[in-house]
Amino acid sequence: LVRDGNFTAPVLPGEYTATLSRGFEYDMRREDITVVAGETVTVEATLSRVVDTTGWISLDTHDHSELSIDSNILVEDRIYAAVAEGVEVFSLTDHDHFGTLQPVVEELGQEDQVHCILGNEVSPLYGHQVGLGCSPMEYDQYFSMNWTLYDDTDSFVRVKTPSEVWAEMREVHGCKLVAVAHPYCSQAMFEFYKLDENTDPASLDLDQIDVRLLDAVELINSHDEWDEIFTQNLPGWANLVNRGYLLPITGGADSHAISQTIGHPRNLVLSATDNPGDVDEDVLLGAVKNFRSEIYGGPFIRFTLDGQGLGETVVPQGEKMTAKIDVFAPAWMELGYVRLHGNGELLSEFVPVGNEILRLSETVELDVPSG
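Here the structure is a predicted model, which is why all the values come from computation and not from measurement. (Residues numbered from 1 in each chain as written. Predicted model: local features only at pLDDT ≥ 70, side-chain atom pairs only at ≥ 80, totals over all residues. Heavy atoms only, no water.)

Draft legend 1. Just the nonpolar core, in detail. Val-165, Trp-166, Met-169, Met-189, Phe-190 and Ile-209 are the most contacted members of the largest nonpolar core, which has 31 residues in total. Sequence-distant contacts of Trp-166, defined by excluding residues within four places in its chain, comprise Gln-129, Val-178, Val-180, Met-189, Ile-209, Asp-210, Val-211, Leu-213 and Leu-214. The next biggest cluster of nonpolar side chains, apart from the first, holds 16 residues, and it includes Leu-59, Ile-117, Leu-177 and Ala-287. (Core = buried A, V, L, I, M, F, W, Y, C linked by side-chain atoms within 4.5 Å. Buried < 20%, exposed > 50% of the residue type's maximum accessible area, 1.4 Å probe, protein only. Contact = heavy atoms within 4.5 Å.)

Following this line, the structure appears as structure tokens:
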């Protein structure tokens, strides 16, 4: 984490590994060093952007700062951490707080490096949900999106349902993207409402939870267990899609501490601009809602089906479809496998080779699903 190229912090004498990095698209330099009291150790490196993501912009849809009750990251450090990790756009989703750090971004002169979207993580105990691109306010506010109901005597009646919260976030507060956060992990809404890989959402009480009111589901959160992503999160989302609930997915770092990396995971969104200073929030969030983004947690994946890319509708012309997969990663990044899933089922698995930037390039013929 650097501030305009300079950062000072005390360390004890001893053996260390110095790491210079800039995120998933850049190479990295690591060097073992010995720190001696009263002496200076210099590590020099020039980092190059080695993975070409022209036409895409990175977006972290779930992050926190000191404005959250459970976070101690200074707002300036949140911004500089995003710059250091190559996160080009992030949303401030502090708990039950509407706000944005964009004015601070501009005060620091970082508007060409990063852009911050106004957001909120509404946080009842049954599960959290995030709203992005919400209406500007005169000043930052807590509990403007109140998730409790009171009667005329100001006595507590009940907690609002997810359906009520989602509708209010959109209709009252103007949020352009409403998503369930970590639906299977930590105050997990889908677990609370028993919405798993076998549940038809239509069988639930729609006055309580109507997933048709959602814009997206956070499929991967940094706090998820890796194996549960494949045994729980992915099957749960595939169940929704297979039943006709076509919900886009997002990845959110949900970083609460300076030791937790912002932008891991993040999203790559198809974009007409690569400059954060030129981002149109409506267009960016519209692209996410229209499936024109992918979760970005390391390698950059280009995927087409019969020549059509993200967000396009593929109409099969026969009994077979052709999938094209290209995987790119910097040399320092270790990749163990590439898996192709369809309708929640594993279709193919490949092993990336070498440490060149292009790790895998495969063309696969797929059967057109029946029915």
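More follows now that the structure is in view.
Draft legend 2. Structural view of the state of the cysteines. Inspection of the entire model under this criterion finds one disulfide. Put simply, Cys-134 and Cys-175 are joined by a disulfide, and their sulfur atoms are 2.1 Å apart. Taking the sign of the S-S torsion, 100° for the link of Cys-134 and Cys-175, the bridge is right-handed. Here Cys-134 is found in the loop between β7 (129-132) and β8 (141-142), whereas its partner Cys-175 is found in the loop between α3 (162-171) and β11 (177-180), with 41 residues between them in sequence. The residues Cys-134 and Cys-175 share a single accessibility class, namely buried. (Disulfide = S-S within 2.5 Å. Helix = DSSP H or I, 4+ residues; strand = E, 2+ residues; numbered from the N terminus.)

Draft legend 3. Spatial organisation of the pattern of salt bridges. Here the structure, examined in full by the defined rule, presents 13 salt bridges. Of the charged contacts in the structure, one is a salt bridge between Glu-168 and Lys-160, with a shortest N-O distance of 2.8 Å. Two residues, Asp-215 and Arg-170, come together in a salt bridge whose shortest N-O distance is 2.9 Å. Taken together, the residues span a long stretch of sequence, with Asp-215 in the loop between α4 (189-192) and β12 (216-221) and Arg-170 in helix α3 at a distance of 45 residues. Asp-215 gets classed as buried once you look at its relative accessible area, which sits at 12%. Three or more residues are tied together by salt bridges with common partners; here these are Glu-25, Arg-49 and Glu-88. (Salt bridge = Lys/Arg side-chain N within 4 Å of Asp/Glu carboxyl O.)

Draft legend 4. Local environment of a nonpolar patch on the surface. Taken together, Val-11, Leu-12 and Tyr-16 make up a surface patch of nonpolar side chains, about 300 Å² in accessible area. In this structure Val-11 comes out as exposed when scored by relative accessible area, which is 54%. (Patch = residues over 30% accessible without salt bridge, like charges linked within 9 Å, V, L, I, M, F, W, Y side chains within 5 Å. Areas by Shrake-Rupley, 256 points an atom, 1.4 Å probe, with all protein chains shown as cover.)

Draft legend 5. Up close: a negative patch on the surface. Taken together, Glu-106, Glu-107, Glu-111, Asp-112 and Asp-278 make up a surface patch of like negative charges. Note on placement: Asp-278 falls in the loop between β14 (266-270) and α6 (281-289). (Lys, Arg positive; Asp, Glu negative; His and termini not counted. Charge placed at Lys NZ, Arg CZ, Asp CG, Glu CD.)

So yeah, pure geometry; function would need other evidence.
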